[in-house]
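# Chains, contacts and geometry: an overview
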Amino acid sequence: MQAYTVEQVAEILQIGRDKIYFLLRTGQLRSIKIGKLRRITDQQLAEFVASLEKENVAP
């Protein structure tokens, strides 16, 4: 399992850090905490992307 920083996920998704923190705050993107550090696992990232794909399926 791979765990990414907020900055790494922002780069992967090509969106801003603030947007990642917004997604975390609103529960749209899940993460884990290791002490004071926040990490997003590859599984959590995949679940987030899958949820976006479900939302954007044309009827």
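The structure this text deals with has already been given above.
This text gives an overview of the structure that appears in the document. Keep in mind it's a predicted model, so treat the numbers as computed, not measured. (Residues numbered from 1 in each chain as written. Predicted model: local features only at pLDDT ≥ 70, side-chain atom pairs only at ≥ 80, totals over all residues. Heavy atoms only, no water.)

### Brief notes about the packing of helix α1 (residues 6-13) against helix α2 (residues 17-25)
It is the contact of α1 with α2, at a shortest axis distance of 9 Å, that shows an interaxial angle of 110°. The angle between α1 and α2 places the two elements in the roughly perpendicular class. Facing Val6, Glu7, Val9, Ala10 and Leu13 of α1, the residues of α2 in contact are Arg17, Ile20, Tyr21 and Leu24. Taken together, the residues that form the contact of α1 with α2 break down as 7 nonpolar, no polar and 2 charged. (Axes fitted to C-alpha atoms, helices over the stretch in contact; angles between N-to-C directions. Helix = DSSP H or I, 4+ residues; strand = E, 2+ residues; numbered from the N terminus. Parallel < 35°, antiparallel > 145°, perpendicular 65-115°, else oblique. Contact = heavy atoms within 4.5 Å. Nonpolar A, V, L, I, M, F, W, Y, C, P; charged D, E, K, R; others polar.)

### Considering the sheet that holds strand β1 (residues 3-4)
Sheet architecture is open: 3 strands sit in the order β1-β3-β2, paired in antiparallel fashion. One side of each edge strand has no neighbouring strand; the edge strands of this open sheet are β1 and β2 (32-34). Judged from the 2 bridges that link them, β1 and strand β3 (residues 37-41) form a sheet pairing that is antiparallel. In the sheet register, Tyr4 faces β3, and the bridge partner there is Ile40. Along the sheet face, helix α3 (residues 42-55) touches β1, β2 and β3 and points at about 60° away from the line of β3. (Pairing = 2+ DSSP bridges.)

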